[in-house]
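Examination of the molecular architecture
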Amino acid sequence: QVELHESGGGLVAAGGSLRLSCAASGRTPSRAAMGWFRQAPGKEREFVAVISWNGRDNDYAESVWGRFTISRDNAQTVTLQMNNLKPEDTAVYYCAAGIAYWRGRFSSHMVNSAEWGQGTRVTVSS
C-alpha cells in the first residue's frame, strides 16, 4: 500500500512555469519507476512523463517534449518541472508509483499495477 501526495499546482499565465512535487509513503517498491499523468476536462487520462527507479532513464509525451523535465531524488520523491506552459496543459496532474518502466518508450500497460495520487490542478490561462 502506497500513499501519494501531489503539490505545486495552481493558476499560471501561458509561457509561465510550475513545479509539481510528489511524495510517496508506505510500501513503495524499491525498484519501480514513477511518473506523471494528466486528465483534462472531458478527456481521458494521458501519459506525461516517467522516470526509472534510479533516475537514469525517462520518457515524455510528445506534447511536452522539451518543455517538461521529470526528476527524482530517491524512491519516494518525484518532481515535474513545467516550463513554457500552454493553455492545453490545463488538467489535473496525477502522480503514479510502481510503474513497470525500465528504459526506452513508455507504454500504457506499464501502469496496470501502479498506485495513484489524488491529483493537483493546473490551470494555464491564455
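Everything numeric here is computed off the predicted structure, so don't read it as measured data.

1. Topic: the overall build of the chain
- Regarding its fold elements, the chain presents zero helices and 11 strands.
- Starting at the N terminus and ending at the C terminus, the chain contains elements arranged as β-β-β-β-β-β-β-β-β-β-β.
- Taking 126 residues into account, the globule formula puts the C-alpha radius of gyration at 14 Å, and the chain, at 13 Å, falls close to it.
- Split into buried and exposed, the 126 residues of the chain put 43% on the buried side.
- Taking all contacts inside the chain whose residues are at least 6 apart in sequence as the whole, residues at least 24 apart take part in 59%.
- Element-wise, carbon and sulfur atoms account for 43% of the exposed surface of the chain, whose accessible area totals about 6900 Å².
- Averaged over its 13 positive side-chain charges, the chain has a centre that lies 4 Å from the centre of its 11 negative ones.

2. Details of the pairing of strand β5 (residues 46-51)
- Most of β5 sits inside the fold, with five of its six residues counted as buried.
- One ladder, built from five bridges, connects strand β4 (residues 33-39) with β5; its direction is antiparallel. Looking at β5, one finds that phenylalanine 37 is bridged to phenylalanine 47.
- Remark: six residues form the turn of the hairpin made by β4 and β5, two consecutive strands paired antiparallel; glycine 42 in that turn has positive phi of roughly 75 degrees.
- As paired strands, β5 and strand β6 (residues 58-60) are joined by three bridges and run antiparallel to one another. Note on β6: the bridge partner recorded for valine 50 is aspartate 59.
- Counted between consecutive antiparallel strands, the loop separating β5 from β6 contains six residues, among which glycine 55 sits at a positive phi close to 75 degrees.

3. Points about the environment of cysteine 95
- For cysteine 95, the location among the structural elements is in strand β9 (residues 91-99).
- For cysteine 95, the contacting residues outside a window of four places in its chain are Leu4, Glu6, Cys22, Met34, Gly35, Trp36, Val78, Glu115, Trp116 and Gly117.

4. Observations regarding unusual backbone geometry
- The backbone of asparagine 84 sits at a positive phi, close to 50 degrees, despite the residue not being glycine.
- Along the polypeptide, asparagine 84 turns up in the loop between β8 (77-82) and β9.
- The exposure class assigned to asparagine 84 is partly exposed, which follows from its relative accessible area of 42%.

5. Regarding the sheet that holds β8
- Spatially, the four strands line up as an open sheet ordered β1-β3-β8-β7, and their pairing is antiparallel. Unpaired on one side and paired on the other, β1 (2-7) and β7 (68-74) mark the two borders of the sheet. Pairs of neighbouring strands in the sheet enclose a mean axial angle of 15 degrees, with direction left out of account.
- As paired elements, strand β3 (residues 18-26) and β8 share six bridges and run antiparallel to each other. Following the sheet pairing, leucine 18 is matched in β8 by methionine 82.

Cut-offs used in this document
Residues numbered from 1 in each chain as written. Predicted model: local features only at pLDDT ≥ 70, side-chain atom pairs only at ≥ 80, totals over all residues. Heavy atoms only, no water. Helix = DSSP H or I, 4+ residues; strand = E, 2+ residues; numbered from the N terminus. Rg over C-alpha atoms; globule rule 2.2 N^0.38 Å. Buried < 20%, exposed > 50% of the residue type's maximum accessible area, 1.4 Å probe, protein only. Contact = heavy atoms within 4.5 Å. Areas by Shrake-Rupley, 256 points an atom, 1.4 Å probe, with all protein chains shown as cover. Lys, Arg positive; Asp, Glu negative; His and termini not counted. Charge placed at Lys NZ, Arg CZ, Asp CG, Glu CD. Pairing = 2+ DSSP bridges. Axes fitted to C-alpha atoms, helices over the stretch in contact; angles between N-to-C directions.

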